[in-house]
Amino acid sequence: MPNPQNPLISRRAFTGLAPALLALGLTGCGAGGASGDANSSSSPEAARTITHDLGEAVVNGTPKRIVSTSVVLTGTLLALDAPVVGSGASKPNSEGFDDVGFFTHWSAIAKERDVKALYANNKLDIEAVTAAKPDLIIIAPTGNDSTKDDYDSLSKIAPTVAINYNSESWQAVTRQVADVTGTQAKAEELVKTFDAKIAELKAGMTGVPAEPVQAIVYTPSKGLSFAKPGGPHDEIFAALGFKLAEAPASSGEEGANRKDFVFATVEQSVQALTSDTLLLVSGDEKTVEQLKADSNYNTTKTVSSGKLVPLGISSFKLDYYSALAMAETLAAAYAK
């Protein structure tokens with residue numbers, strides 16, 4: 001994912017997935033009714049009816065003042081050069097966040113573009129959103145920054161679109177956001193740039209293990225969250241030449257249907273730790289020290305004598321910036 005003190009990794013952030021709802025439907029809408037699809041060549045200034053997880057929204061023309069109530073999706077909007085003017089924020093000065101509650105891996109960009117933190121601690125402020133005068137609101141239907149319970153209220157302010165960032169790759173989420181904001185060309189540019197960088201990083205690596213590796217989110221004294229093969233993180237691991245081991249069964253319903261991570265109890269986690277290489281998602285050198293000192297896990301061969309590779313605090317919630325940072329961190333650990 002979960003650490004109750006880390007807003008990046010809460011159990012709430014792992015709940016409520018409905019994979020069948022992940023795709024956005026985007027159709028042109030004229031006076032005679034809706035027709036077309038996400039690849040429609042209709043004028044970008046035409047009204048568009050966007051079908052999303054929580055309903056439908058009619059967006060008139062190209063958005064010029066976007067508010068994001070999802071601090072996770074704000075990073076994607078920034079990468080797309082979308083005109084985001086305000087965003088919800090997490091807990092200021094907590095791990096991975098700056099002094100207003102923006103992710104540190106893109107907060108400098110947000111400040112350069114004068115993006116305002118409309119509220120902190122993921123506590124929605126309807127009045128602040130209204131005052132920002134948005135012509136489009138982007139929200140998350142799941143996760144710690146979800147405002148789905150306030151969807152109706154937000155929809156009265158401006159067209160509101162819910163985008164599920166859980167389980168999908170950063171590329172898929174970026175393309176969904178781009179379809180809504182009219183920044184499709186930028187999305188493809190980001191994907192192309194990322195792919196080129198991955199190829200460059202891979203060419204500079206050596207010693208990548210042939211045997212399967214495991215990737216976890218570690219929460220002190222609790223069960224681990226294991227990355228699943230084929231999930232968003234694994235797409236990057238695989239592109240760099242790693243093979244991800246199968247994850248153990250989930251310890252509860254909340255993680256059973258996710259594509260990205262599953263929860264395991266401490267007992268399950270100890271039994272599941274079998275690889276000689278362990279990638280620590282949302283981890284740094286401090287995380288390595290904590291894991292090695294944790295009596296639940298430090299007797300396993302994986303933790304006591306395996307190779308532990310921290311992937312950076314920002315590596316849990318992936319957008320263009322954090323995905324690239326994770327890839328660079330992993331590649332540096334295996335640099336020639």
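Refer to the preceding data block for the structure.
A few points on the structure. Just so it is clear, the structure is predicted and the values come from calculations on it, not from any experiment. (Residues numbered from 1 in each chain as written. Predicted model: local features only at pLDDT ≥ 70, side-chain atom pairs only at ≥ 80, totals over all residues. Heavy atoms only, no water.)

**Concerning the packing of helix H5 (residues 170-181) against helix H6 (residues 184-203)**
- Where H5 meets H6, the closest approach of the two axes is 8 Å, and the angle between their N-to-C directions is 165 degrees. The pairing of H5 with H6 is recorded here as roughly antiparallel in orientation. The chirality of how H5 crosses H6 is right-handed. Listed contacts from H6 to Trp170, Gln171, Thr174, Arg175, Ala178 and Asp179 of H5 are Gln184, Ala187, Glu188, Leu190, Val191 and Phe194. (Axes fitted to C-alpha atoms, helices over the stretch in contact; angles between N-to-C directions. Helix = DSSP H or I, 4+ residues; strand = E, 2+ residues; numbered from the N terminus. Parallel < 35°, antiparallel > 145°, perpendicular 65-115°, else oblique. Left-handed = near helix turned anticlockwise from the far one by under 90°. Contact = heavy atoms within 4.5 Å.)

**So, the sheet that holds strand E8 (residues 136-139)**
- Taken together, 5 strands build an open sheet; the order of strands is E7-E6-E5-E8-E9 and the sheet is parallel. Each edge of the open sheet carries a strand with a single partner, namely strand E7 (116-119) and strand E9 (160-162). The mean inter-strand angle of the sheet, taken between neighbouring strand axes irrespective of direction, is 25 degrees.
- As paired strands, strand E6 (residues 84-88) and E7 are joined by 3 bridges and run parallel to one another. The partner of glycine 86 across the bridge, within E7, is lysine 116.
- Packed on one face of the sheet, helix H1 (residues 71-79) meets strand E5 (66-68), E6 and E8 and runs near 160 degrees to E6. (Pairing = 2+ DSSP bridges.)

**As for helix H12 (residues 320-333)**
- Taking 1.5 Å of rise per residue, the 14 residues of H12 would be expected to cover 20 Å, and the 20 Å separating its terminal C-alpha atoms lies within 8% of that figure.
- Its side-chain oxygen placed 3.0 Å from the backbone nitrogen of tyrosine 321, aspartate 319 serves as the N-cap of H12. (Expected span 1.5 Å × (residues − 1). Polar contact = N/O pair within 3.5 Å; in protein donor to acceptor, adjacent residues only side chain to side chain.)

**A word on the sheet that holds strand E13 (residues 277-280)**
- In space, the 5 strands of this open sheet follow the order E12-E11-E10-E13-E14, with mixed pairing throughout. The two strands at the open ends of the sheet, each matched to only one other strand, are strand E12 (261-263) and strand E14 (307-310). Between one strand axis and the next, the sheet turns by 30 degrees as a mean value, whatever way the strands run.
- For E13 and E14, the ladder comprises 4 bridges, and the chain directions are parallel. By the bridge assignment for E14, leucine 279 is matched with valine 309.

**Here we look at the pattern of salt bridges**
- Tallied over the entire structure, the rule returns 9 salt bridges.
- Between aspartate 99 and lysine 111 there is a salt bridge whose closest N-O contact spans 3.4 Å. In this pair, aspartate 99 is assigned in the loop between E6 and helix H2 (107-112) and lysine 111 in helix H2, connecting sequence segments 12 residues apart.
- Note that lysine 259 is salt-bridged to glutamate 168, the shortest N-O span being 3.7 Å. On the criterion of sequence distance, the pair formed by lysine 259 in the loop between helix H8 (253-256) and E12 and glutamate 168 in the loop between E9 and H5 is long-range, its members being 91 residues apart.
- Since its relative accessible area comes to 38%, lysine 259 is described here as partly exposed.
- Each of Asp81, Arg113, Lys186 and Glu189 takes part in one network of salt bridges that share partners. (Salt bridge = Lys/Arg side-chain N within 4 Å of Asp/Glu carboxyl O. Buried < 20%, exposed > 50% of the residue type's maximum accessible area, 1.4 Å probe, protein only.)

**Some points on helix H10 (residues 285-293)**
- Among all positions of H10, only Thr287, Val288 and Leu291 are buried. Along the axis of H10, the buried positions cluster into a sector of 105 degrees, meaning they face one direction only. Residues of H10 that are exposed and point over 90 degrees away from its buried face: Glu285, Lys286, Glu289 and Ala293.
- Along its buried surface, H10 packs onto strand E10 (214-217), E13, helix H11 (301-305) and E14. (Arc of directions from axis to C-beta.)

**A few points about the packing of helix H7 (residues 232-239) against H12**
- Relative orientation of the contacting elements H7 and H12 amounts to 40 degrees, with a least axis distance of 11 Å. The angle between H7 and H12 falls in the class oblique. When you trace H7 past H12, the crossing you get is right-handed. Facing H7, whose interface residues are His233, Ile236 and Phe237, H12 presents Ala323, Met326, Ala327 and Leu330.
- Across the contact of H7 with H12, the residue classes break down as 6 nonpolar, 1 polar and no charged. (Nonpolar A, V, L, I, M, F, W, Y, C, P; charged D, E, K, R; others polar.)

The values are spatial; any link to function lies outside them.
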